[in-house]
Amino acid sequence: MAAGDVTINGSVLIEKTLMLVWGSVILDGSNPTPVQLSGYMSAVSMGVANIQGTVATGADPNQITTALNGTALDINAWKVTTGGAAGNPTEIASTDNARVVNWMAIGPKKAGT
């Protein structure tokens, strides 16, 4: 897999109207890294994501956030820098393009599927 590549690991229809889709994506080095789900749902209603791994993430990225964007789940990665108010770290966009992120999204089933 290369930066930005999305893998769909599974999908299931819930109660005839909702799709649950899950998989992984490799961060693309910019914010956001989009997970396009238009083939499965007409909109993303909810999404979650986590950084894959068994050890501490370190400083880059140190956390991820998600945003709903039509039929895409946008994943934003953040890293810490030194400084900030009273010496507290400031977070800025990560440029990591190799970290694997696992994600899951729910939304209305795409018409005709």
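Peer 1: How do you make sense of the overall build of the protein chain when you look at a structure like this?
Peer 2: Of regular secondary structure, the protein chain possesses 0 helices and 8 strands. Each helix and strand of the protein chain, placed in order from N terminus to C terminus, yields the pattern β-β-β-β-β-β-β-β. In terms of principal-axis extent, the alpha carbons of the protein chain reach across some 55 × 30 × 20 Å. The buried share among the 113 residues of the protein chain stands at 27%.

Peer 1: Can you help me understand the nonpolar core in this one?
Peer 2: It is characteristic of soluble globular proteins that their nonpolar side chains tend to be buried jointly. Formed by 16 residues in total, the largest nonpolar core has its most connected members in Val-35, Leu-37, Met-41, Ile-75 and Trp-103. Secondary-structure elements contributing two or more residues to this core are β2 (18-26), β6 (72-81) and β8 (100-108). For Met-41, the residues in contact, after removing those within four places along its chain, are Met-19, Val-21, Thr-71, Ala-105, Ile-106, Gly-107, Pro-108, Lys-109 and Lys-110.

Peer 1: Sorry if this is basic, but what is going on with the sheet that holds β8 here?
Peer 2: What holds strands together in a sheet is hydrogen bonding between their backbones, with the strands either parallel or antiparallel. The strand order across the open sheet formed by 4 strands is β1-β2-β8-β4, and the pairing between neighbours is antiparallel. Each edge of the sheet is formed by a strand with only one pairing partner; in this case those strands are β1 (6-14) and β4 (46-51). Within this sheet the neighbouring strands show an average axis-to-axis angle of 15°, counted without direction.

Peer 1: How should I be thinking about the environment of Ala-93 in this particular structure?
Peer 2: Looking at where Ala-93 falls in the secondary structure, it is placed in strand β7 (residues 90-93). The class of Ala-93 is partly exposed, set by a relative accessible area of 35%. In the structure, Ala-93 is positioned 71 residues away from Trp-22 in sequence and 24 Å away in space, judged by C-alpha atoms. Apart from the residues within four sequence positions on either side, Ala-93 is in contact with Asn-31, Ala-77, Trp-78 and Lys-79.

Rules used throughout
- Residues numbered from 1 in each chain as written.
- Predicted model: local features only at pLDDT ≥ 70, side-chain atom pairs only at ≥ 80, totals over all residues.
- Heavy atoms only, no water.
- Helix = DSSP H or I, 4+ residues; strand = E, 2+ residues; numbered from the N terminus.
- Buried < 20%, exposed > 50% of the residue type's maximum accessible area, 1.4 Å probe, protein only.
- Core = buried A, V, L, I, M, F, W, Y, C linked by side-chain atoms within 4.5 Å.
- Contact = heavy atoms within 4.5 Å.
- Pairing = 2+ DSSP bridges.
- Axes fitted to C-alpha atoms, helices over the stretch in contact; angles between N-to-C directions.

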